[in-house]
Amino acid sequence: PSQRQQLRLCNLRSPSRLAPRTQHRRGWRESGMPLAPGKGGGLLLRWSEVPPSMTESFILSGYRCPGYTFAQCLVSAFRPTNETGNFWTHFLAVFVFAFHFLEQFWGEGPMVPAGPLDPFYYPLWSYFLGVCGLLVASSMAHLFNSMSLVIREICFYIDYGTISAYTVGSSLAYFYYIHPRGGGGSPPPPLPGTGNNVSSPSAWPSWEGAGWLSALAGQVGTWFEALYVPSACLIALFCTLACCSTRHQWPRYRYLIRTLVFLLPFGVVSIPVFRKLWWGGGGAAGGHGTGRFFLRHCFWLLASGIFNVSKIPERFSPGKFDIWGHSHQWFHCCTFMSILDELHMIRGEIRELGAGLPLLPRAPTFLSTFGVMLLLLTLLASIVGWFGLRAYASHQRSKARKGD
Ligand SMILES: [Zn+2]
């Protein structure tokens with residue numbers, strides 16, 4: 001659309017809904033002029049010139065107008081808008097994460113004698129899918145959310161869905177690689193005829209097939225083994241539903257609710273780490289740094305939560321951090337650091353598994369790893385689709401009301 005059309009699109013804001021979130025904003029309200037004509041064909045607007053659902057607390061300028069084309073969104077990645085930093089902090093993170101992930105297969109240290117495509121690595125690849133899905137969806141949501149108000153809503157629904165999928169990817173990696181030895185869990189008995197040989201992980205015995213699926217089917221395993229992954233999936237679905245709802249309800253507490261909602265999967269998904277650190281004995285917390293990496297993982301998660309809820313630093317100086325340095329960018333950086341430490345923790349556990357101890361007490365299968373991720377993604381897509389349809393219908397209704 002032309003600049004004139006874009007401005008008209010942006011004047012959707014009804015005065016009754018203005019309700020500025022800070023005193024600082026009152027002065028901006030009547031300006032009526034775009035902040036700066038965009039060089040790439042798009043306009044950058046002040047908070048008072050975009051629909052209320054697009055504004056962020058304490059961010060006064062640098063908004064893109066809904067109605068950008070696909071190409072304008074792409075170009076906007078290279079222009080200073082208030083989404084540029086949000087996009088790059090998660091887009092570049094994909095490559096950094098992929099580098100550290102693939103290092104697993106060419107890095108030094110005691111390696112599990114298995115190729116990257118061996119079933120041993122199915123949980124790790126599921127985790128990789130979860131993390132990359134999260135980072136890619138988040139960066140794309142930030143880049144393309146100015147195409148229309150409905151697309152903006154859908155972008156953020158997808159974002160929440162992929163965060164949930166990531167927590168399930170983590171739970172799979174934790175379930176298969178992180179388990180206490182010593183007091184909390186005894187190594188599996190040697191397999192008759194094979195001597196529990198670790199040199200051929202592909203030939204994992206079927207008696208070890210006590211994955212969560214067979215435990216759930218009542219064959220073998222503890223209640224924890226039966227319920228851990230299914231619980232992670234149910235919580236992921238609940239969190240996506242709750243976060244999508246905060247885009248329509250409880251606007252005042254939306255950041256707090258989203259942060260709390262994602263503490264829940266953290267608490268449940270981390271149970272194997274807690275068990276390991278509690279029961280794992282001397283080597284568990286020290287040898288490969290599980291305890292250290294987990295603490296750092298928690299620290300970065302806490303920091304990301306604080307940035308997300310407190311809106312520091314822009315809270316103290318509205319307008320100063322509109323383009324660079326606002327809390328959402330720090331939130332992205334902290335979540336990525338937490339993921340990186342989590343990856344190092346998982347890699348440490350895998351190194352420990354390859355150091356001569358019996359390999360996995362439970363054998364991963366395609367169904368119990370990728371199958372779970374596929375089923376979960378299908379369900380998450382249904383939730384996102386349902387909320388997307390609702391957003392579309394409500395947008396149509398408000399358009400019809402304006403037409404009356
Ligand atoms: Zn984000």
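Values in this document were obtained by computation on a predicted structure and should not be read as measured data.

Conventions we followed
Residues numbered from 1 in each chain as written. Predicted model: local features only at pLDDT ≥ 70, side-chain atom pairs only at ≥ 80, totals over all residues. Helix = DSSP H or I, 4+ residues; strand = E, 2+ residues; numbered from the N terminus. Buried ≥ 20, exposed ≤ 12 C-beta atoms within 10 Å, placed from the backbone. Contact = placed C-beta atoms within 7 Å. UniProt positions renumbered as here; feature names shortened; annotations may be inferred. Axes fitted to C-alpha atoms, helices over the stretch in contact; angles between N-to-C directions. Parallel < 35°, antiparallel > 145°, perpendicular 65-115°, else oblique. Left-handed = near helix turned anticlockwise from the far one by under 90°. Nonpolar A, V, L, I, M, F, W, Y, C, P; charged D, E, K, R; others polar. Expected span 1.5 Å × (residues − 1). pLDDT = per-residue confidence, 0-100.

1. Considerations on the overall build of the chain
- Helices and strands together make up the secondary structure of the chain, namely 13 helices and 2 strands.
- Buried residues in the chain amount to 44% of all 404 residues.
- A fraction of 73% describes how many contacts in the chain between residues 6 or more apart in sequence connect residues 24 or more apart.

2. Details of the UniProt feature "transmembrane region" (unreviewed entry) in the chain
- Here the UniProt feature "transmembrane region" (unreviewed entry) sits at residues 85–102, 122–144, 156–177, 226–243, 255–274 and 366–389.
- Along residues 85–102 one finds 100% helix and 0% strand; the C-alpha atoms at either end are 26 Å apart.

3. A few points about the packing of helix 5 (residues 149–177) against helix 7 (residues 223–245)
- At a closest axis distance of 9 Å, the pairing of helix 5 and helix 7 adopts a crossing angle of 165°. Here helix 5 is positioned roughly antiparallel relative to helix 7, judged by the angle of their axes. As for the relative orientation of helix 5 and helix 7, their crossing is right-handed in sense. Taking contact as the criterion, the partners of Tyr-157, Tyr-160, Gly-161, Ser-164, Ala-165, Thr-167, Val-168, Ser-171, Leu-172 and Phe-175 in helix 5 are, on helix 7, Tyr-228, Val-229, Ala-232, Cys-233, Ala-236, Cys-239, Thr-240, Cys-243 and Cys-244.
- For the contact of helix 5 with helix 7, the residue count by class is 14 nonpolar, 5 polar and no charged.

4. Concerning the environment of Leu-143
- If you trace the backbone, Leu-143 turns up in helix 4 (residues 122–144).
- Residue classification places Leu-143 among the buried residues on the basis of 24 C-beta atoms within 10 Å.
- Separated by 66 residues in the primary sequence, Leu-143 and Ala-77 have C-alpha atoms spaced 6.7 Å apart.
- The residues touching Leu-143, leaving out its near neighbours within four places in the chain, are Cys-73, Ala-77, Glu-83 and Phe-87.

5. Description of the UniProt feature "binding site: Zn(2+)" (unreviewed entry) in the chain
- As annotated in UniProt, the feature "binding site: Zn(2+)" (unreviewed entry) corresponds to His-142, His-328 and His-332 in the numbering used here. Taking the farthest pair of C-alpha atoms as the criterion, the annotated set spanning 191 residues converges on one region, since that pair is 11.5 Å apart.
- C-beta crowding within 10 Å serves as the criterion here: with 27 such atoms nearby, His-142 is assigned to the buried category.
- Excluding residues within four positions of it along the chain, His-142 makes contact with Glu-83, Asn-86 and Phe-87.
- Mapped onto the elements of the fold, His-332 is located in helix 12 (residues 327–353).
- The contacts of His-332, once residues within four sequence positions are left out, are Asn-86, Thr-89 and His-90.

6. Some words on helix 11 (residues 290–310)
- Helix length check: helix 11, at 21 residues, gives a terminal C-alpha distance of 30 Å against a target of 30 Å (1.5 Å per residue), a fit within 8%.
- Lys-311 sits one or two residues past helix 11 and shows a positive phi near 60°.

7. Thoughts on unusual backbone geometry
- That bond from Ile-312 to Pro-313 is cis: its omega, 15°, falls within 30 degrees of zero.
- Within the secondary structure, Pro-313 sits in the loop between helix 11 and helix 12.
- You will see that Phe-58, though not glycine, has its phi angle at about 65°, which is positive.
- Among the structural elements, Phe-58 can be located in the loop between strand 1 (44–45) and strand 2 (63–64).
- On the neighbour-count criterion, Phe-58 (24 C-beta atoms within 10 Å) is buried.

8. Structural notes on the confidence of the model for the chain
- The share of residues in the chain with pLDDT of 70 or more is 72%, and the mean pLDDT across the chain is 77.
- Low pLDDT, under 50, characterises residues 1–41; the predicted model gives this stretch 61 contacts beyond four residues in sequence or across chains.
- Considering only residues more than four positions removed or in separate chains, one finds that residues 181–210, a stretch of pLDDT under 50, has 51 contacts.

9. Observations concerning helix 7
- Between its first and last C-alpha, helix 7 extends 32 Å over 23 residues, near the 33 Å set by a 1.5 Å rise per residue.
- Looking only at helix 7, the buried set comprises Glu-225, Ala-226, Tyr-228, Val-229, Ala-232, Cys-233, Ile-235, Ala-236, Cys-239, Thr-240, Cys-243 and Cys-244.

10. Structural notes on the packing of helix 5 against helix 12
- Contact pair helix 5 / helix 12: the axes reach a minimum separation of 10 Å and the direction vectors enclose 25°. On the basis of their axis angle, the class for helix 5 and helix 12 is roughly parallel. For the element pair helix 5 and helix 12, the recorded crossing hand is left-handed. Along its contact with helix 5, which presents Ser-170, Ala-173 and Tyr-177, the element helix 12 presents Glu-342, Ile-346, Glu-349, Ile-350 and Leu-353.
- Across the contact of helix 5 with helix 12, the residue classes break down as 5 nonpolar, 1 polar and 2 charged.

11. Things to note about the environment of Lys-276
- With respect to the element layout, Lys-276 can be found in helix 9 (residues 271–279).
- Lys-276 sits in the buried class, given 24 other C-beta atoms within 10 Å.
- A sequence separation of 15 residues divides Lys-276 from Gly-291, and the C-alpha atoms of the two residues are 9.1 Å apart.

12. Focus: the environment of Met-147
- Here Met-147 is to be found in the loop between helix 4 and helix 5.
- With 19 C-beta atoms packed within 10 Å, Met-147 lands in the partly exposed category.
- For the pair formed by Met-147 and Cys-73, sequence separation is 74 residues and the distance between their alpha carbons is 7.4 Å.
- In this structure Met-147 touches Tyr-68, Phe-70 and Cys-73, once residues within four positions along its chain are discounted.

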